[in-house]
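Residues per chain are reported as follows:
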Amino acid sequence: MASTLGLVLNFLIFPGLLFTAVVGLLTQWVDRKVSARVQWRVGPPWFQPFADILKLLGKEIIIPEGARRTGFLLAPLAGLAAVGVVSTMLWLVNIHGSGFVGDLIGVLYLLTIPSLGMIIGASASGNPLASVGASREMKLVLAYELPFVIAIFTAVTKVAPMTLRLEGILEYQAANGVLLGNLSCIIAFVVAILCAQAKLTYPPFDIPEAETELMDGTHMEYSGAALAVVKLSQAMMLFTLPIFFITIFWGGVVLTGWGILYTIVKYVIIVTIIVLIKNTNPRVRIDQAVRFFWGPVTVLAIIGMVLAIVGL
Amino acid sequence: MGATSWGFKKSLWVFHLNAGACNNCDIEVLDCLTPRFDIERFGMKLVGSVKHADVLLVSGFVSRKVLPQLIETYEQAPKPLAVVAIGSCGCTGGIFRDGYNFAGPVDKHIPVDAYVPGCPPRPEALIDGIVKLMGKL
């Protein structure tokens, strides 16, 4: 009973929903501030994402005529819960070393649920532009999942007794140095960053929510607290994905002594790479995106996989 | 409600509706987003869908053709909502006041919270108007 309560607290407060939301929103501020500096602007104050969420909580929720009420309102919540679970799992593995067999597979599955939630929510909203966004998001998921999974499994292949436990990967890295020291894993890391760009629907892969052509696409009909949930799960995703990459490729999160500073530096480097890619690339078309992911990126991922099998 | 109203003041998302303007005001609105003026400092940004908006920015003299869309857009936006009429046309009708398809300035049809006159209003005037609106909310 006590451990169940502990798990619930872990999920709700630290390192689950509340912690992830706060750090994710701060990361979103970093994102907006860096974007502003890239464009020679001043940028918003640090509390801006918090003000956005608080404001949205106080607004009216409009459910469009012809929308499926339950699916429309519940789908974003499913996405939010999934990101919270992923974050909880990753942090518990990193801090206490308490994982279970095959938790890597679980993380990979749970990371697609926010996208699925947006597809279901947008389809339920009954808006033609939102359903175009949903169809694009579906194609995008199909496109990036293949190279993403190959990239993650390159790391799994590289670990000496091959393991699907995040804890095993962390132990191997603690003993033999970080996986990012190998050529195969550097390639896999590059592929994973490109896929993260699509997972976060950031430019150049913000095709599902293209502001200029689809007017926010999948998010179009959401307003008020429902929009707050959508924005919050995006912010939490921006926090969770870099932590996932640090766990898999870069030695994990260390919360003792200089490790804290080192972890923050690793995290900021990955976030900055993502933000810089976001700010220096225009949006591609959906067919170009699918061709890009199934063509060059998958080939690159397979090369990394072969190198890992050979032993590089 | 203290926290949400603080948030409302600090993060105004703007939806821009052109109700028959000559596009001059619209260019000045986009000017506010440029590095020289940067209204994101105040937490404002342009949004694509009116369902996300906190401020409805209406430019133009409101022609008879666009009047139903103006009213529908206003009704679709989630409340609380602030409406800002910009440009001489949006405030009074300007030189189109005697036109055959003039359907009245914006405040004849929907409640307006702030007026920014000018033909077109300078970006400084727009920022000044919005900051005064923030004080009023």
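Residues numbered from 1 in each chain as written. Chains lettered and ligands numbered in written order. Predicted model: local features only at pLDDT ≥ 70, side-chain atom pairs only at ≥ 80, totals over all residues.

Once that is clear, we can look at the overall build of chain A. Within chain A one finds twelve helices and zero strands. For chain A, the succession of helices and strands along the chain, N to C, is α-α-α-α-α-α-α-α-α-α-α-α. Computed over C-alpha atoms, the radius of gyration of chain A comes to 19 Å, within 12% of the 20 Å expected from 2.2 N^0.38 for 312 residues, which places it in the range of a compact globule. A burial count over chain A gives 50% of its 312 residues as buried. Contacts spanning at least 24 positions in sequence make up 80% of the contacts within chain A whose residues lie at least 6 apart. (Helix = DSSP H or I, 4+ residues; strand = E, 2+ residues; numbered from the N terminus. Rg over C-alpha atoms; globule rule 2.2 N^0.38 Å. Buried ≥ 20, exposed ≤ 12 C-beta atoms within 10 Å, placed from the backbone. Contact = placed C-beta atoms within 7 Å.)

Before going further, it helps to spend a moment on the overall build of chain B. For chain B, the count of helices and strands is five helices and five strands. Across chain B, helices and strands are ordered from the amino to the carboxyl terminus as α-β-α-β-β-α-β-α-β-α. Relative to the compact-globule value of 14 Å for 137 residues, chain B shows a C-alpha radius of gyration of 14 Å, a close match. The dimensions of chain B, computed from C-alpha atoms along their principal axes, are 45 × 30 × 25 Å. Split into buried and exposed, the 137 residues of chain B put 40% on the buried side.

Here the focus is unusual backbone geometry. The amide bond that connects Pro-203 of chain A to the next residue, Pro-204 of chain A, takes the cis arrangement and shows omega of 5 degrees. Among the secondary structure elements, Pro-204 of chain A is positioned in the loop between α8 (183–199) and α9 (211–214). In this structure, Pro-120 of chain B follows Cys-119 of chain B across a cis peptide bond, with omega equal to -5 degrees. Positioned with a positive phi, Trp-40 of chain A is a non-glycine residue whose angle comes to about 60 degrees. Tracing the chain through its elements places Trp-40 of chain A in the loop between α2 (17–38) and α3 (48–57).

Turning to the interface of chain B and chain A, a few remarks are in order. Across the contact, 19 residues belong to chain B and 26 residues belong to chain A. Grouping the amino acids of the side of chain B that touches chain A by side-chain chemistry returns six nonpolar, seven polar and six charged. (Nonpolar A, V, L, I, M, F, W, Y, C, P; charged D, E, K, R; others polar.)

Glancing now at the pairing of strand β3 (residues 55–59) of chain B. Residues and elements named next belong to chain B. Among the five residues of β3, five are classified as buried, and the element is accordingly described as predominantly covered. Burial along β3 is two-sided: Val-55, Leu-57 and Ser-59 facing one way and Leu-56 and Val-58 facing the other are all buried. Direction of pairing for strand β1 (residues 13–18) relative to β3: parallel, over a ladder of five bridges. Within the sheet, the bridge partner assigned to Leu-17 lies in β3 and is Val-58. Alignment of β3 against strand β4 (residues 82–86), held across five bridges, turns out to be parallel. (Pairing = 2+ DSSP bridges.)

Moving on to the environment of Arg-136 of chain A. Residue and element names in this part refer to chain A. Checked against the element boundaries, Arg-136 lands in helix α6 (residues 128–158). A count of 26 C-beta atoms within 10 Å places Arg-136 in the buried class. In this structure the C-alpha to C-alpha distance between Arg-136 and Glu-213, which are 77 residues apart in sequence, comes to 13 Å. Setting aside residues up to four positions removed in sequence, Arg-136 forms contacts with Ile-207, Pro-208 and Ile-286.

What follows deals with the nonpolar core. In this structure, Ala-151, Ala-155, Ala-188, Val-191, Ala-192, Cys-195 and Phe-245 of chain A are the most contacted members of the largest nonpolar core, which totals 88 residues. Broken down by element, this core gets its largest block of residues, 18 residues, from helix α10 (residues 224–249) of chain A. Once residues lying within four places of it in the same chain are set aside, the contact partners of Ala-155 of chain A are Ile-169, Leu-179, Cys-185, Ala-188, Ile-248 and Phe-249 of chain A. Residues Val-50, Leu-57, Val-62 and Val-116 of chain B belong to the second largest nonpolar core, which totals 32 residues. (Core = buried A, V, L, I, M, F, W, Y, C linked by C-beta atoms within 7 Å.)

This part is about the pairing of β4 of chain B. All names here are of chain B. Most of β4 sits out of view: four of its five residues are buried. On the question of chirality, the crossover connecting β3 to the parallel β4 by way of helix α3 (residues 67–76) is right-handed. Across three bridges, the pairing between β4 and strand β5 (residues 114–116) is parallel. Residue Ile-86 lies in a different strand from β5, and its bridge partner there is Val-116. Considered for its hand, the β-α-β crossover made up of β4, helix α4 (residues 87–92) and β5 is right-handed. (Right-handed = clockwise from strand over helix to strand, strands pointing away.)

Bringing the packing of α3 of chain A against helix α1 (residues 2–10) of chain B into the picture now. Between α3 of chain A and α1 of chain B, the shortest axis-to-axis distance is 7 Å and the interhelical angle comes to 120 degrees. Between α3 of chain A and α1 of chain B, the crossing angle belongs to the class labelled oblique. Where α3 of chain A crosses over α1 of chain B, the handedness of that crossing is left-handed. Of the residues in α1 of chain B, those in contact with Ala-51, Leu-54, Lys-55 and Leu-57 of chain A of α3 of chain A are Ala-3, Thr-4, Trp-6, Gly-7, Phe-8 and Lys-10 of chain B. (Axes fitted to C-alpha atoms, helices over the stretch in contact; angles between N-to-C directions. Parallel < 35°, antiparallel > 145°, perpendicular 65-115°, else oblique. Left-handed = near helix turned anticlockwise from the far one by under 90°.)

Counting all residues, the mean pLDDT for chain A is 85, and 99% of those residues have values of 70 or more. Mean pLDDT values over the elements of chain A span from 74, in α9 of chain A, up to 90, in helix α12 (residues 286–310) of chain A. (pLDDT = per-residue confidence, 0-100.)

What follows deals with the sheet that holds strand β2 (residues 45–46) of chain B. Residue and element names in this part refer to chain B. What the five strands build is an open sheet, ordered β2-β1-β3-β4-β5; its pairing is parallel. The open sheet has two free edges, formed respectively by β2 and β5, since each of these has just one partner strand. By the bridge criterion, two bridges tie β1 to β2 in an arrangement that is parallel. The residue bridging Val-14 from the neighbouring strand is Leu-46, located in β2.

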